[in-house]
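Single-letter residue listing:
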Amino acid sequence: MDGQGHSRRSSSFSGSPARKKQPQMGSSDSGRKTSLSRSLTLTGERTVKRLRLSKALTMPDSTTVLEACRRMAARRVDAALLTDSNALLCGILTDKDIATRVVACELALQDTPVSKVMTRNPIFVLSDTLAEEALQKMVLGKFRHLPVVENGEVIALLDITKCLYDAIARLERAAEKGKAIQAAVEGVEKNWGTSISGPSTFIEALREQVFQPSLSTIIQGTQSRVVSVSPTESVLSATKRMVEFQMGSAIITIGNKPIGILTSRDILMRVAAKNLSPDTTSVEKV
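Criteria and thresholds
- Residues numbered from 1 in each chain as written.
- Predicted model: local features only at pLDDT ≥ 70, side-chain atom pairs only at ≥ 80, totals over all residues.
- Heavy atoms only, no water.
- Helix = DSSP H or I, 4+ residues; strand = E, 2+ residues; numbered from the N terminus.
- Contact = heavy atoms within 4.5 Å.
- Pairing = 2+ DSSP bridges.
- Axes fitted to C-alpha atoms, helices over the stretch in contact; angles between N-to-C directions.
- Buried < 20%, exposed > 50% of the residue type's maximum accessible area, 1.4 Å probe, protein only.
- Arc of directions from axis to C-beta.
- Salt bridge = Lys/Arg side-chain N within 4 Å of Asp/Glu carboxyl O.
- Patch = residues over 30% accessible without salt bridge, like charges linked within 9 Å, V, L, I, M, F, W, Y side chains within 5 Å.
- Areas by Shrake-Rupley, 256 points an atom, 1.4 Å probe, with all protein chains shown as cover.
- Parallel < 35°, antiparallel > 145°, perpendicular 65-115°, else oblique.
- Nonpolar A, V, L, I, M, F, W, Y, C, P; charged D, E, K, R; others polar.

A. Quick peek at the overall build of the protein. Summing up its helical and strand segments, the protein has 9 helices and 10 strands in all. Nonlocal contacts in the protein, meaning residues at least 24 apart in sequence, comprise 64% of its contacts between residues at least 6 apart.

This is the structure in structure tokens:
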């Protein structure tokens, strides 16, 4: 759940001068971090604002879950920001909240206000925060969405994928430079012989430093959990199992053969937004 368990961090959505003050980030060294971020941007580091941000979908916290889901589906987004009666940021509603706090708990979408199921007081970042720092916040906090604030107002909602794309692009550029270095060193070893560095120990050390591990290396040794359900199982049953195993998706299988996947986004877009009954709707339909 996005930003759950943190102290209140409110930000205005109105343009009134009284609310133009930059919100506090909740730590005594926030000023130093902000100054550091601003100074680093001068060296060419990418900031959050440079990640082609999308305008956040906002709505009052009195909105019903059904209406919120329909608006999110219409915008094709999996998160929305919620405001209180004073137009201050008070929460965030995500597809995961819909799956775990509404569908799995069998709440009536049309009768439940989003204030009852939203994640309260989400963490936010300033628009001049480094993209790498924003990604680090989301990874460590285990959430995928991050409100972006500029001049005291929320201007966008950052998705973790944008930070990941930026980080991957930087890794690819570093890898290309690494290949050039590797080719140069191999040329030197070819001309001078390998005896100067032993049996390619220098090249192997360089490879380890420059190149990232493969997917098989990352997976090796991890204890990954998989929720497997049949096509005829109800969405409600599948969602409850996803909650039980703390997973955001379930693999649809027939005889241990994967034929599809059910995600919290599917539950939001194809079940909740259409007001289908999770108890009578099979996963193969959505």
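B. Local environment of the environment of Arg-225. Turning to its location among the elements, Arg-225 is positioned in the loop between helix 7 (215–219) and strand 8 (228–229). Placed 22 residues apart in sequence, Arg-225 and Met-247 show a C-alpha to C-alpha distance of 8.0 Å.

C. Representation of the sheet that holds strand 2 (residues 79–83) in the model. Strand order in this open sheet of 4 strands is 1-2-3-4, and the pairing throughout is mixed. Where the open sheet ends on each side, the last strands, each with one partner, are strand 1 (58–60) and strand 4 (119–120). As paired strands, strand 3 (residues 89–94) and strand 4 are joined by 2 bridges and run antiparallel to one another. Residue Ile-92 lies in a different strand from strand 4, and its bridge partner there is Thr-119. Along the sheet, helix 3 (residues 95–103) makes contact with strand 3 and strand 4, crossing strand 3 at roughly 80°.

D. Just helix 4 (residues 131–141), in detail. All of the buried residues along helix 4 are Ala-131, Ala-134, Leu-135 and Met-138. Along helix 4, the residues classed as buried sweep out an arc of 100° about the axis, all on the same side. Among the exposed residues of helix 4, those pointing more than 90 degrees away from its buried face are Glu-132 and Leu-140. Immediately beyond the C-terminal end of helix 4, within one or two residues, lies Lys-142, with a positive phi of roughly 60°.

E. Layout of helix 3. The buried count for helix 3 comes to 7 of 9 residues, which makes it a mostly enclosed element. Where helix 3 is buried, its residues meet helix 2 (65–75), strand 3, strand 4, helix 8 (235–244) and helix 9 (264–272).

F. Layout of the pattern of salt bridges. Scanning the entire structure with this criterion turns up 8 salt bridges. Among the salt bridges present, the one from Arg-144 reaches Asp-78, with a minimum N-O distance of 3.1 Å. Pair noted here: Arg-144 is in the loop between helix 4 and strand 6 (145–150) and Asp-78 is in the loop between helix 2 and strand 2, with a separation of 66 residues, a long-range link. On the basis of relative accessibility, which here comes to 29%, the residue Arg-144 falls in the partly exposed class. Across the salt bridge formed by Arg-101 and Asp-97, the nearest N and O atoms sit 3.7 Å from each other. Highlighted residues: Arg-101 and Asp-97, both in helix 3, separated by 4 residues, approximately one helical turn. The exposure class of Arg-101 is buried, given its relative accessible area of 17%. Under the relative-accessibility criterion, Asp-97 is labelled buried at 0%. Salt bridges sharing partners connect three or more residues here, namely Asp-78, Asp-95, Arg-144 and Arg-265.

G. A look at the pairing of strand 10 (residues 257–263). As defined by bridge partners, strand 9 (residues 249–254) adjoins strand 10 across 6 bridges and the pair is classed as antiparallel. Bridge pairing in strand 10 places Thr-253 opposite Pro-258.

H. Structural view of a nonpolar patch on the surface. On the surface, a cluster of nonpolar side chains totalling about 310 Å² of accessible area is made up of Leu-164, Tyr-165 and Ile-168. Counting through the fold element by element, Leu-164 comes out in helix 5 (residues 160–192). Under the relative-accessibility criterion, Leu-164 is labelled partly exposed at 36%.

I. Examining the packing of helix 2 against helix 9 more closely. Interaxial distance between helix 2 and helix 9 falls to 9 Å at its minimum, and their mutual angle equals 105°. As the angle between them shows, helix 2 and helix 9 are arranged roughly perpendicular. Counted together, Leu-66, Cys-69, Met-72 and Ala-73 of helix 2 and Leu-268, Met-269 and Ala-272 of helix 9 form the full contact between these two elements. Per-class residue counts for the contact of helix 2 with helix 9 are 7 nonpolar, no polar and no charged.

J. Structural view of the packing of helix 3 against helix 9. Between helix 3 and helix 9, whose axes approach to 7 Å, the crossing angle comes to 70°. Taken together, the axis directions place helix 3 and helix 9 in an arrangement best described as roughly perpendicular. In contact with Asp-95, Lys-96, Ile-98, Ala-99 and Val-103 of helix 3, helix 9 contributes Ser-264, Arg-265, Ile-267, Leu-268 and Ala-272. Taken together, the residues of the contact of helix 3 with helix 9 break down into 6 nonpolar, 1 polar and 3 charged.

K. Region of interest: the environment of Asp-95. For Asp-95, the position within the fold is in helix 3. Its relative accessible area of 2% is what places Asp-95 among the buried residues. Separated by 23 residues in sequence, Asp-95 and Met-72 have C-alpha atoms that sit 9.3 Å apart. In this view, Asp-95 contacts Asp-78, Arg-144, Ser-264, Arg-265 and Leu-268; residues no more than four positions away in its chain are not counted.

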